[in-house]
Amino acid sequence: MLESKEETAVKVLILHVPYEHRGGEDVHVDMLVSAYREIGLETALYPAHRAPQGISPIAAAKSLLPGAVAPEIEKFIQNSNADFVHLHNAFPLLGPNFFRWALKAKIKLIMTVHNHRFYCTNGLALRDGKVCKDCFGASVPWRPLAYNCNGDLKKSAYHALALGEMNAQDLYRRAVSHFIAPSPYIKNELLKWGADPSRVSVLMNPVTEDKASPSKQVLDVFYAGRLSSEKGIENLLRVVGSAPDLKFGIAGNGPLSALVSETALKLENLFYFPEMSHAEVLGQIQNSRIGILPSICNEILPTFVLENFYHGKICIVPDLESTRWLSESPWLGVKTDTSDVKAMLSKIREALSLPKSTQVTNLSEQLGEKKFRSGLKTLLGQNLPKMDIH
């Protein structure tokens, strides 16, 4: 179906079901559209409406039905005349049904793996505040239902059934022609899971080169991102309370927004920014001494950390399997145990005493969009011609 066309530009269909709460993956997909165009490819996006939307239980249930039917996608691909598909998130709107259809239709399918959902139903590999890989390699994912890993029994049931189908029919490995891993960590996870090494490439997500909006607030420590338990927000607030001599800033929203807001009213050294634009976040990074990522889960590639590095700022990173490498040269991370409030504060004070980085130019080039576009073009040149049409 997706045969290359002579004397016309190659066209890619970027397929990504937006999340209920817009996050880094959604931002990356928006950037990817321009990246493909910059290297000479035409693009189409599905779904065309990019705002997060609620998905009905009926639509989610249809994605689990046996068969290999995806009429809307098939029609969209035929109309867009795409040569290959670049997949990001398929759940819950498309689900296993899409992978069966892609396999049957012999689609050239590239997939960027942004989370742990290829073996974990909540995508975080986290349960009860602890890193969890109990379902790694499990053929029948019963634990998500037993422990309600998605925090909602309906969601846990859907994702458990979906993952069960994906595993039973080996749909990821059979339908996906090539996996893109945004970090060395997720590449290693894919290889341990059983992906063919020749079909996995590392391509780090870039820092979007938006213009920063100047900030008037000078901070010692700054965090921007989703305000939720897996991000370690509760422990960060405990650190703020134990260091009244330091000015902290937290930007973002999420389930713990009310807790952050209430804490900011009580603590004079905490400044809360519930509605910061991306340009304002970049401006605040520039006007803060260091950044911090207090997460207690294995983050695939935290954009906020890279943005700090891009602007020459040191950033506290979790001493976890996925982020430990960001504390090694040439990166500017300082690792710490984010489950230990005293350890976090100690590393914060240590980081604040370090001299300013002299690697700003090198890191900005390494993390910029130009470097990403070059890597994307090389990856396609090496792998697109030899992709198996199953």
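Structure: see above.
Residues numbered from 1 in each chain as written. Predicted model: local features only at pLDDT ≥ 70, side-chain atom pairs only at ≥ 80, totals over all residues. Heavy atoms only, no water.

1. Here's the deal with helix H6 (residues 153-168)
We apply this condition: A helix here means a DSSP run of H or I that spans at least four residues, while a strand means a run of E at least two residues long, and both kinds are numbered starting from the N terminus. Expected helix span is given by 1.5 Å per residue-to-residue step, counting one fewer step than there are residues. Burial classes: relative accessible area under 20% of the type maximum marks a residue as buried, over 50% as exposed, and values in between as partly exposed (1.4 Å probe, protein chains only). Should any heavy atoms of two residues lie within 4.5 Å, those residues are considered in contact. Definition of a polar contact: a pair of N or O atoms within 3.5 Å, with one able to donate and the other able to accept a hydrogen when the atoms are protein atoms, and with sequence-neighbouring residues admitted only if both atoms are side-chain atoms.
If you check H6, its first and last C-alpha atoms are 22 Å apart, about what 16 residues at 1.5 Å a residue would give, namely 22 Å. By the burial criterion, the buried members of H6 are Ser156, Tyr158, His159, Ala160, Ala162, Leu163, Gly164, Glu165 and Met166. Along its buried surface, H6 packs onto helix H2 (57-62), helix H4 (95-104), helix H5 (143-147) and helix H7 (171-175). For H6, the N-terminal cap is aspartate 152; the gap from its side-chain oxygen to the backbone nitrogen of lysine 154 is 2.9 Å. Directly after H6, the chain includes aspartate 170, whose backbone phi takes a positive value near 50°.

2. Here we look at the nonpolar core
To keep things clear, this is the line we draw: Nonpolar core, defined: a set of buried Ala, Val, Leu, Ile, Met, Phe, Trp, Tyr and Cys residues in which side-chain atoms within 4.5 Å join the residues together.
Counting residues in each nonpolar core, the largest one holds 51 residues, and the members touching the most others are Phe222, Tyr223, Phe248, Phe309 and Ile348. In this structure, Ala90, Leu109, Ala162 and Ala195 belong to the second largest nonpolar core, which totals 46 residues.

3. As for helix H9 (residues 233-241)
All of the buried residues along H9 are Ile233, Asn235, Leu236, Leu237, Val239 and Val240. Here the buried face of H9 lies against strand S9 (219-224), strand S10 (248-251), helix H10 (257-266), strand S11 (270-273), strand S12 (288-292) and helix H13 (341-352).

4. A closer look at unusual backbone geometry
In this chain, tyrosine 46 is followed by proline 47 through a cis amide linkage whose omega measures -10°. By secondary structure assignment, the location of proline 47 is in the loop between strand S2 (42-46) and H2. Cis geometry is found at the peptide bond from phenylalanine 91 to proline 92, where omega equals -5°. Its location among the elements puts proline 92 in the loop between strand S3 (84-87) and H4. A positive phi angle, near 55°, is found at alanine 125, a position not held by glycine.

5. Section: the pattern of salt bridges
What counts, and what does not: Salt bridges are identified by distance alone: a Lys or Arg side-chain nitrogen within 4 Å of an Asp or Glu carboxyl oxygen.
If you walk through the whole model with that rule in mind, you get 12 salt bridges. Taking the shortest distance from any N to any O, the salt bridge between glutamate 189 and lysine 133 comes out at 3.0 Å. Highlighted residues: glutamate 189 in helix H8 (residues 184-193) and lysine 133 in the loop between strand S6 (130-131) and H5, separated in sequence by 56 residues. Of the residues examined, glutamate 189 reaches a relative accessible area of 1% and is grouped as buried. Measuring nitrogen to oxygen at the nearest pair gives 3.0 Å for the salt bridge that ties arginine 289 to aspartate 220. Here arginine 289 is found in strand S12, whereas its partner aspartate 220 is found in strand S9, with 69 residues between them in sequence. For aspartate 220, a relative accessible area of 12% translates into the label buried.

6. As for the sheet that holds strand S13 (residues 314-318)
Spelled out, the test is: In this description, strands pair whenever DSSP reports at least two bridges between them. Lines fitted to C-alpha atoms define the axes here, with helix axes fitted over just the stretch in contact, and angles between the N-to-C directions of these axes take values from 0 to 180 degrees.
Sheet architecture is open: six strands sit in the order S11-S10-S9-S12-S13-S14, paired in parallel fashion. Each end of this open sheet is capped by a strand with a single partner; those strands are S11 and strand S14 (333-336). The sheet shows a mean angle of 25° between the axes of neighbouring strands, direction not considered. Pairing between S13 and S14: four bridges, direction parallel. Residue pairing across strands places valine 317 opposite lysine 335, the latter belonging to S14. The strands touched by helix H12 (residues 303-310) within the sheet are S9, S12, S13 and S14, with S13 carrying the most contacts at an inclination of about 155°.

7. Topic: the environment of glycine 67
Relative to the assigned elements, glycine 67 resides in the loop between H2 and helix H3 (71-80). C-alpha separation for the pair glycine 67 and leucine 93, spaced 26 residues apart in sequence, amounts to 15 Å. Every residue in contact with glycine 67, bar those within four places of it in the chain, is listed here: Asn97 and Arg100.

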